[in-house]
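So you can see what is in the structure, the chains are spelled out below.
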Amino acid sequence: PRSRSMASLARAGSDSRPLDRVVRHCYKSNERPRRSPRRKKKSSSRREDLLFTRRQALFSLGILSSQSFGVTDSKARASTSTSSNDAAEFYAKWRYADPRDILPFIRDRSERGDPSGVLLAFDEFFSHYPTYHLGREKAEILTGIVRNTKPERCVEIGTFLGYSAIHTASNFVSPEARLVCVEFEPRHAEVARECVEWAGLSSQVEVLVGEGGKRVMDVKAMVGGSADLIFLDHCKPCYLPDLIAMEEAGLVAKGTVVVADNVVYPGAPDYLRHVDTLAGAYKTELLEAKFEYDQVWREDWETPKDAMSYSVRV
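Residues numbered from 1 in each chain as written. Predicted model: local features only at pLDDT ≥ 70, side-chain atom pairs only at ≥ 80, totals over all residues. Heavy atoms only, no water.

Draft legend 1. Molecular detail of the state of the cysteines. Scanning the entire structure with this criterion turns up one disulfide. Here cysteine 235 is linked by a disulfide to cysteine 238, with a sulfur-sulfur distance of 1.8 Å. Taking the sign of the torsion about the S-S bond as the criterion, the disulfide between cysteine 235 and cysteine 238, at about -125°, is left-handed. Here cysteine 238 falls in the buried class, since its relative accessible area comes to 16%. Cysteine cysteine 154 is unpaired, with the sulfur of cysteine 181 as its nearest cysteine sulfur at 9.4 Å. (Disulfide = S-S within 2.5 Å. Buried < 20%, exposed > 50% of the residue type's maximum accessible area, 1.4 Å probe, protein only.)

Okay, here's the thing in structure tokens:
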């Protein structure tokens, strides 16, 4: 990935919405704007109707293809349908109205104990149901960092359904390496555990439920001291207070690598100021990558510029 200075990349993304107008995605527990309290909660049937409407819109636009979403062919069983008939059959067979709906698909498309097959199944499923997850481009950045730094004590805040955790753990160099994840939404944490177990990585990955900043001491106890690698991918305004909590608890020490996603879009400016190389506590660079959630059903949608920050505590 291209690496650019924090200042230049921040300028490049300056046309993005200001942070105070961005939806605050709190621990990935609710990935949509809050509804007005005066509006009644939509019924589950209404929700499924809306999901079906979006599926049909994607289907009719002809954008559900391997080329549209960057999914490539593989010897693994996961593959993306490229024809209209295949897409229609996919939606008829595989729904996504609840986080657990992904589990039957993953088990159908991959073998137990095969992390690469599980990840390909994730990619296929999310090519049909665009949603918030790390994505292939950023996953390659993260796994490259894991392979190069060879961490043994790892932390992830914001696990969602386990996609990034499986990427991280499946690239551990040391058999002693461990990853402790914190996920705010219990339903997501439950699915993440099952996906990790199906991938054969449950002996190396532990998923906790709660807010990142409030589980710091538990995480520190589980990793056995300071972390070698910390990955932040939860609510963006939480990045800074959670990192400070980890610093104060000793979870961050000299040499700890801290990687954070979406620091340009939606953005985490206060966090970037804290880890800026000029501030003296970290040596930081930005690794440019596209925003992972392509809202292809919107005619005016243009994928925003984004980046992952790579910081080393000095």
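Now, onward.
Draft legend 2. Expanded view of the pattern of salt bridges. Under the defined criterion, the tally for this structure stands at 16 salt bridges. As a salt-bridge pair, glutamate 194 and arginine 107 come within 2.7 Å of each other at their nearest N and O atoms. With glutamate 194 in helix 9 (residues 186–198) and arginine 107 in helix 5 (residues 102–109), this pair connects stretches of sequence that are 87 residues apart. Salt-bridge contacts for lysine 138 lead to aspartate 306; the nearest nitrogen and oxygen are separated by 2.5 Å. Here lysine 138 is found in helix 7 (residues 136–149), whereas its partner aspartate 306 is found in strand 8 (residues 305–313), with 168 residues between them in sequence. Taking relative accessible area as the criterion, lysine 138 reaches 1% and is therefore assigned buried. One connected set of salt bridges, linked through shared partners, spans Arg100, Arg107, Glu190 and Glu194. (Salt bridge = Lys/Arg side-chain N within 4 Å of Asp/Glu carboxyl O. Helix = DSSP H or I, 4+ residues; strand = E, 2+ residues; numbered from the N terminus.)

Draft legend 3. Structural view of unusual backbone geometry. In this model, tyrosine 265 is joined to proline 266 through a cis peptide bond whose omega is 0°. Along the chain, the position of proline 266 falls in helix 12 (residues 263–267). Even without glycine at this site, lysine 150 takes up a positive phi of about 50°. Its location among the elements puts lysine 150 in the loop between helix 7 and strand 2 (153–157). Classification of lysine 150 by relative accessible area gives partly exposed; the value is 49%. The backbone of asparagine 262 shows a phi angle near 60°, a positive value even though the residue is not glycine. By the element assignment, asparagine 262 lies in the loop between strand 6 (257–260) and helix 12. A residue is classified by how much of its surface remains accessible, and asparagine 262, at 3% relative accessible area, is buried.

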